[in-house]
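Architecture at a glance
Residues per chain are reported as follows:
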Amino acid sequence: MPGPQTTPAPSDPPHDPEGAPRQRKPWSKRRKAATAVAAVAVLGAVMPDLQKDSAQGSAADAKAAGTKQSRGVTPGAAAASARTRTAEPTRPPAADYRGQNLDVAYGKARKAGFIVNSHDASEKNKFIRGRTTWTVCFQEAGPPLGMKPVLDFGVVPKDAPCPKTDGQPIPWPTMPELVWKTWRTARAEVVALGVPAGRIEARKAYRNDKLPDEGEYDDWRVCAHDPAEGAKVESGARVTLYLSSKDNGCPEPDRGTGTSVDLPDRDGDRDPDYRDPFPGDRDRNTAFPDGIPRLGDSGGSGGSSGGSHGGGRIICRHTRLC
């Protein structure tokens with residue numbers, strides 16, 4: 001009888017007849033596909049977090065380095081813009097120098113770090129000669145010269161009014177009508193135009209007249225003036241007022257202004273009748289009430305009732321006193 005059969009233990013791997021271990025069967029296609037799908041799902045769940053962490057780290061690094069980029073600006077353009085801003089010179093704020101003397105404003109602006117230019121602010125565009133005789137009307141920042149800021153002054157002559165805008169004519173005041181106003185009133189009006197009192201001169205309106213001492217002709221009347229009415233009174237102008245006493249009136253307008261018109265003088269001694277104590281005696285006048293001295297006179301004074309002094313010649317003929 002055959003003996004009983006022995007069954008190998010389940011834990012022991014099956015052996016081939018020659019004792020080699022048995023090969024495992026390869027995975028089926030279905031199993032491989034399932035495994036691949038599972039791997040993709042796992043990566044899809046992990047990658048967004050990794051990308052997010054990476055982006056946050058890059059943004060933090062860029063912010064720390066001070067190179068955070070704006071949307072639509074490339075790194076090269078941002079770097080070039082930064083270099084340009086670094087190269088531009090800084091402009092210090094300029095004080096207001098308008099109304100100041102050019103020499104004073106020039107010194108202050110230079111001290112503040114500016115390169116200073118200046119030009120005539122009127123339409124004449126005169127050459128600026130000597131800063132002390134000009135006044136600043138306008139100022140404007142010009143293009144920088146290298147790393148230095150530039151300030152340009154528009155100026156006018158000293159004591160001149162500023163034009164409304166740079167380059168326009170200077171609005172000089174015009175001479176008012178002063179005829180028949182007193183010296184005191186007319187002089188005040190001229191001073192109000194900006195003319196210094198020392199540049200206003202009083203002259204006699206009649207050739208053979210004589211002005212009293214200063215202060216004694218305040219009530220004399222203006223018969224003519226130079227400049228005439230409506231003329232521009234520019235800086236540095238001199239004004240002449242031709243005066244006459246109220247009692248004598250003014251010469252006729254077509255007879256001159258104090259160079260060719262005489263007051264009545266009956267004896268012709270160049271002493272107007274209104275001033276001559278002896279209007280009918282040529283040998284006596286305001287300067288020589290006792291008679292005009294003559295060569296050959298022994299006493300130098302006295303004489304006949306007519307005022308004659310012998311046959312001597314008058315020693316002051318053709319002088320202003322005789």
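Here the structure is shown first, and the text comes after it.
Residues numbered from 1 in each chain as written. Predicted model: local features only at pLDDT ≥ 70, side-chain atom pairs only at ≥ 80, totals over all residues. Heavy atoms only, no water.

1. Side note on helix H3 (residues 102-111)
Applicable threshold: Burial classes: relative accessible area under 20% of the type maximum marks a residue as buried, over 50% as exposed, and values in between as partly exposed (1.4 Å probe, protein chains only). The secondary structure listing takes helices from DSSP runs of H or I that are at least 4 residues long and strands from runs of E that are at least 2 residues long, numbered from the N terminus. Directions from the helix axis toward the C-beta atoms define the arc. Note on definitions: a residue-residue contact is assigned when non-hydrogen atoms from the two residues lie within 4.5 Å. What qualifies as a polar contact is a pair of N or O atoms within 3.5 Å, subject to a donor-acceptor requirement within protein and to the restriction that residues adjacent in sequence count only when both atoms come from side chains.
Looking at H3, one finds that the buried residues are Leu102, Ala105 and Ala109. Taken down its axis, H3 places every buried residue within 65° of arc, on the same side. Of the surrounding elements, those touching the buried residues of H3 are strand S1 (115-120), strand S2 (134-145) and strand S3 (148-157). At the N-terminal end of H3, a side-chain oxygen is found 2.9 Å from the backbone nitrogen of Asp103, two or three residues along, and the residue is Asn101. Where H3 ends, the next residue or the one after it, Gly113, has phi of about 105°, a positive value.

2. Things to note about the pattern of salt bridges
In plain terms, the rule: Whenever a carboxyl oxygen of Asp or Glu lies within 4 Å of a side-chain nitrogen of Lys or Arg, that contact is scored as a salt bridge.
Here the structure, examined in full by the defined rule, presents 10 salt bridges. One salt bridge connects Arg266 with Asp273, and the closest N-O pair in it is separated by 3.3 Å. Since its relative accessible area comes to 65%, Arg266 is described here as exposed. Look at Asp273 and you get buried, because its relative accessible area is 19%. Two residues, Asp281 and Arg284, come together in a salt bridge whose shortest N-O distance is 2.9 Å. One continuous salt-bridge network, built from bridges that share partners, spans Arg184, Asp218 and Asp219.

3. A closer look at the state of the cysteines
For clarity, the cut-off: Only a pair of cysteine sulfur atoms within 2.5 Å qualifies as a disulfide here.
Throughout the structure, instances matching the rule amount to 2 disulfides. The disulfide partner of Cys137 is Cys162, and the S-S distance across this bridge is 1.9 Å. The S-S bond linking Cys137 to Cys162 shows a torsion near -85°; that makes this disulfide left-handed. You can see Cys137 sitting in strand S2 and its partner Cys162 sitting in the loop between S3 and helix H4 (183-192), a full 25 residues away along the chain. Cys223 shares a disulfide with Cys250; S-S distance 2.0 Å. The sign of the S-S torsion, about -85°, decides the handedness of the disulfide formed by Cys223 and Cys250: left-handed. In this pair, Cys223 sits in strand S5 (residues 221-226) while Cys250 sits in the segment after strand S6 (239-244), placing the two residues 27 residues apart along the sequence. Cys250 sits in the partly exposed class, given a relative accessible area of 28%.

4. Quick word on unusual backbone geometry
A cis amide bond links Asp226 with the next residue in sequence, Pro227, at an omega value of 5°. Here Pro227 lies in the loop between S5 and S6. A positive phi angle, near 50°, is found at Asn125, a position not held by glycine. Among the secondary structure elements, Asn125 is positioned in the loop between S1 and S2.

5. Side note on the side chain of Ser122
Looking at where Ser122 falls in the secondary structure, it is placed in the loop between S1 and S2. Since its relative accessible area comes to 7%, Ser122 is described here as buried. Excluding residues within four positions of it along the chain, Ser122 makes contact with Gly167, Gln168 and Ile170.

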